[in-house]
Every structure is written in C-alpha cells, then in structure tokens.
Amino acid sequence: MILNNVKLVLQDRVVAGSLEIHDGMIRSFTDRPSQLPQAIDGDNGWLLPGLIELHTDNLDKFFTPRPNVDWPAHSAMSSHDALMVASGITTVLDAVAVGDVRDGGHRLENLQKMIRAVVNSQRAGLNRAEHRIHLRCELPHHTTLPLFEKLMDQPELSLVSLMDHSPGQRQFASREKYREYYQGKYHLNDEKMAQFEEEQINLSARWSAPNRSAIAAHCRQRNISLASHDDATAEHVAESQALGSVIAEFPTTEAAARASHQHGMQVLMGAPNIVRGGSHSGNVAAHKLATLGVLDILSSDYYPASLLDAAFRIAQDAGNAFSLPQAVALVTCNPARALGLTDRGVIEEGKRADLVLARNQGEHVYVQNVWRQGIRVF
C-alpha cells in the first residue's frame, strides 16, 4: 500500500512525498510523489506516526456512563476503543485505579472488570488500537498493595504511577480546592466533608510511605516503567528519582518540572491543559513548561481528542521554540521511548505502520484516517 501526496512529519523535518507499507511495516518513504495509479491520495494532508497515550481514564466513562449505572464490559470497551482511534491514538495505556480515595468508589468496584475487558479484547484481536494497562496506585489506602501484588505480573502491564491525593499537598496543596473538588464529586455537606478530609489525612500518614516503597521495589524487580504523580517540590522529585521513576506525571509547580527534567525524568502534562489554556486545578500551566523547554510528553488524560489538537497548538505557539516535528514527538516518539517501545512512534523504515492522516480545516486539525500496523482502523 502506498500513501501518496502527504506531508510526512519526520523526527527532524516535514517532507512532502509518499510512503510505502508492506506487511504492517513502513517499507520506505520518499520526497517524490508516487506515479502508481493505485496509490492512496492523501490530498496534501499531514502524515504522522500513530499517537501514543500513556494516561487516560476515558474507559471509566463507558463503564459508568452515569452515577449508579454499570454498562456491559464488551460494549464499554468497544466504544472506548473506537473513540481512541478516532482521536488518532494507536497505542493506549488504559489507566485503572488501584485503591481509591473513598471506599465504595466505582473505580474500585470496576477494577477487575476493566482489566479483564482490556486484556481479553486485546488478546482476542478485537481492538482497533493496541491497548495496554497503566495501574494508578492510590497510595493512602490499605487495599492498594495487596491489589497491586495480584496484578503486577499481568503481561499487559506497561506503566505504574504512584499517587497521593490527600489534602494539603501535591495536587491539592490548596485545601479550598480539595473541598471544592470532592464536595462536588461526592455531594458531601460541610460536616461530612470535614470528616472525609480528616480520614484522608490519617490514611496518607499510615499507608503512603510504605506503599510507595513496596510498589516501586516490585516495579524495579520486573522492569515495569514507573511514574511519579503530582510532584510539587524538589524533595518530592528527589524521592521519585530515587525510587526509579522515569516519568514525572503532572508536576504541579515549575520548580518540580525543572527538577524532574534535571533528574532525567520525562515530564508529562495534560493535553487538555494546553487546549484550555491552563490547569483546572490551578497548578502550573503546560504551555508555561513548553516555553521553558521542560515539557516532554502530553497525555489526553480525560479528553482523547485533545492529544492531536494540543500538539498542533504547541507548534503554532510563537511563545515557545517547538517545531511541528518536536511538538508531534510529545505524543509519539517521546512516550514510546519512555516505555522502551522501539518499534513505533516515528516514521522510519522498518518501524510499525501506525499512522495518522490529518488535515487542517480553518484553525483546527482533524483526523481523517488511521492505520495500525498497516490496517486501516478509521
């Protein structure tokens, strides 16, 4: 198969030309148009590597589309997968919460159902994108370590992140923001919210440190990529680096992002943060980190379509020095490298033919077609 008349977004430049696919791999590409009549005309669209998503909880929305509504697993997984490829994502790490900030939370109830849905659909060849598992370990919880130990040898497990969402630190350094978020989420009155807040502080003091050390040790022994989450200070970053973290997810301050970069960790920020122009939690803005040169990876987090949109916005932003290839690297080769996936994330001969054909419509960029290993999936 030949894709013709496309703008190839390579690692260091953009080239107008054509690309040939054979047996699911990129066989060759050139800066000349193909003369073969059977070549597919890309109509001068952008041809990018398939996007790689490291942290999305989008699957949650399909398992529990409304409060107290449980949706059948096969339908939830199929709908989630379709949205991924429609957003240009060909490799996705589905983030599943281990432990929860509140007993009885739907994420805890859906844990096994979601993991089975990801694993079974992937092994059966039902998915359009390639799905792997990211375990989000909520540390201040007595069930977190036992649950993790039951799941840690799952072959599909590719990333583990260590989280502590208790009040007064990291993402919720502002207690006011914490109350605003969780009162809205759980519909608690002031008295119940105060009780919940005190419980979370006590749980963190009891469980966070031992769970953090134990889970990180398991990951090092199994060569599972480890991510910190919501680091806010240089001390947080030093602890994460010592534990073996290779990714710094959503650092909340400029100082933490700079320190993570200096320690060799890949700084991951939310693509919705770019699209919206700032953090919904009031933390450091992703575009600020891009301007400072300390942004390495983007994640769509809760909104899959934001990934492609954010990459092009960064390339168009005069306030930073990102070329289009450098911006596209934030959602392709950089996340692939962080996971040790050397077979994808770039347009190179011999790499997987995971590709996205996108085009401009006014100020916006739209996904037109997607291929995974040479097979058109959108």
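Residues numbered from 1 in each chain as written. Predicted model: local features only at pLDDT ≥ 70, side-chain atom pairs only at ≥ 80, totals over all residues. Heavy atoms only, no water.

The next thing to look at is the overall build of the chain. What the chain contains, in helices and strands, is 13 helices and 15 strands. Taken across its 378 residues, the chain has 56% of its residues classed as buried. Surface exposure of the chain reaches about 16200 Å², of which carbon and sulfur atoms provide 49%. (Helix = DSSP H or I, 4+ residues; strand = E, 2+ residues; numbered from the N terminus. Buried < 20%, exposed > 50% of the residue type's maximum accessible area, 1.4 Å probe, protein only. Areas by Shrake-Rupley, 256 points an atom, 1.4 Å probe, with all protein chains shown as cover.)

The next subject is the nonpolar core. Ranked by size, the top nonpolar core spans 39 residues in total, and within it L48, L289, L295, L298, L308 and I314 carry the most contacts. Here the element with the most residues in this core is helix α11 (residues 306-316); it accounts for six residues. Those residues in contact with L48, other than ones at most four positions away along the chain, are V9, L308, F312, V328, I347, D354, L355 and V356. If you look at the next biggest cluster of nonpolar residues, it comprises 30 residues, including I133, L151, L157 and L226. (Core = buried A, V, L, I, M, F, W, Y, C linked by side-chain atoms within 4.5 Å. Contact = heavy atoms within 4.5 Å.)

Bringing the environment of A214 into the picture now. Mapped onto the secondary structure, A214 falls in helix α6 (residues 190-222). Note on A214: relative accessible area 24%, which makes it partly exposed.

Right, let's get into the pairing of strand β3 (residues 25-30). Relative to β3, strand β2 (residues 14-22) is paired through five bridges, and the arrangement is antiparallel. When the sheet's bridge partners are listed, H22 is paired in β3 with M25. (Pairing = 2+ DSSP bridges.)

Bringing the pairing of strand β6 (residues 89-98) into the picture now. Among the ten residues in β6, ten count as buried, and that is most of the element. Inspection of the sheet shows β6 paired to strand β7 (residues 130-138) by eight bridges, in the parallel sense. Within the sheet, the bridge partner assigned to V96 lies in β7 and is L135.

Our focus in this paragraph is helix α4 (residues 144-151). Since the α-helix advances by 3.6 residues per turn, residues separated by three or four positions end up pointing in the same direction. Residues of α4 that are buried: T144, L145, L147, F148 and L151. One side of α4 holds all its buried residues, which, seen down the axis, span an arc of 160 degrees. (Arc of directions from axis to C-beta.)

The next thing to look at is the sheet that holds strand β9 (residues 225-229). The strand order across the open sheet formed by eight strands is β5-β6-β7-β8-β9-β10-β11-β12, and the pairing between neighbours is parallel. Looking at strand neighbours, the two that pair on one side only are β5 (51-56) and β12 (297-299), the edges of this open sheet. Taking each pair of neighbouring strands and ignoring which way they run, the sheet shows an average axis angle of 25 degrees. One ladder, built from three bridges, connects strand β11 (residues 266-270) with β12; its direction is parallel. (Axes fitted to C-alpha atoms, helices over the stretch in contact; angles between N-to-C directions.)

With that out of the way, let us pick up the packing of aromatic side chains. Applying the stated criterion across every chain yields a total of one aromatic pair. For the pair W46 and F312, a centre-to-centre distance of 5.8 Å together with 65 degrees between the ring planes defines the contact as edge-to-face. In this pair, W46 is assigned in strand β4 (residues 40-49) and F312 in helix α11, connecting sequence segments 266 residues apart. Take W46: its relative accessible area is 15%, and that puts it in the buried class. Residue F312 is classed as buried on the basis of its relative accessible area of 4%. A cation over a ring is seen here: K7 above W46, with NZ or CZ 3.8 Å from the ring centre. (Phe/Tyr/Trp six-rings, centres within 6.5 Å; stacked < 30°, edge-to-face > 60°. Lys NZ or Arg CZ within 6 Å of the ring centre and 35° of its normal.)

For S240, the position within the fold is in helix α7 (residues 234-243). Non-local contacts of S240, meaning those with residues more than four positions away in its chain, are made with S228, D231, S245 and M265.

Another aspect to go through is the packing of α4 against α6. For the pair α4 and α6, the least separation of the axes is 10 Å and the interaxial angle reads 10 degrees. Classified by the angle their axes make, α4 and α6 are roughly parallel. Across from T144, L145, F148 and E149 in α4, the residues of α6 making contact are N211, A214, I215, H218 and C219. Of the residues assigned to the contact of α4 with α6, the class counts are five nonpolar, three polar and one charged. (Parallel < 35°, antiparallel > 145°, perpendicular 65-115°, else oblique. Nonpolar A, V, L, I, M, F, W, Y, C, P; charged D, E, K, R; others polar.)

Taken as a whole and judged by the stated rule, the model has 16 salt bridges. The residue R123 makes a salt bridge to E156 at a minimum N-O spacing of 2.7 Å. In this pair, R123 is assigned in helix α3 (residues 106-123) and E156 in the loop between α4 and β8 (157-163), connecting sequence segments 33 residues apart. For R123, a relative accessible area of 54% gives the class exposed. (Salt bridge = Lys/Arg side-chain N within 4 Å of Asp/Glu carboxyl O.)

Moving on to the sheet that holds strand β15 (residues 375-376). As summarised here, the arrangement of the seven strands in space is β3-β2-β1-β4-β13-β14-β15, forming an open sheet in which the pairing is mixed. A strand with exactly one partner marks an edge of an open sheet, and here the two such strands are β3 and β15.

This paragraph deals with the state of the cysteines. Working definition: the covalent bond between the sulfur atoms of two cysteines is a disulfide. Inspection of the entire model under this criterion finds zero disulfides. Considering cysteine sulfurs only, C219 is the nearest to C137, which forms no disulfide, with 7.0 Å between them. Given the relative accessible area of 0%, C137 is considered buried. (Disulfide = S-S within 2.5 Å.)

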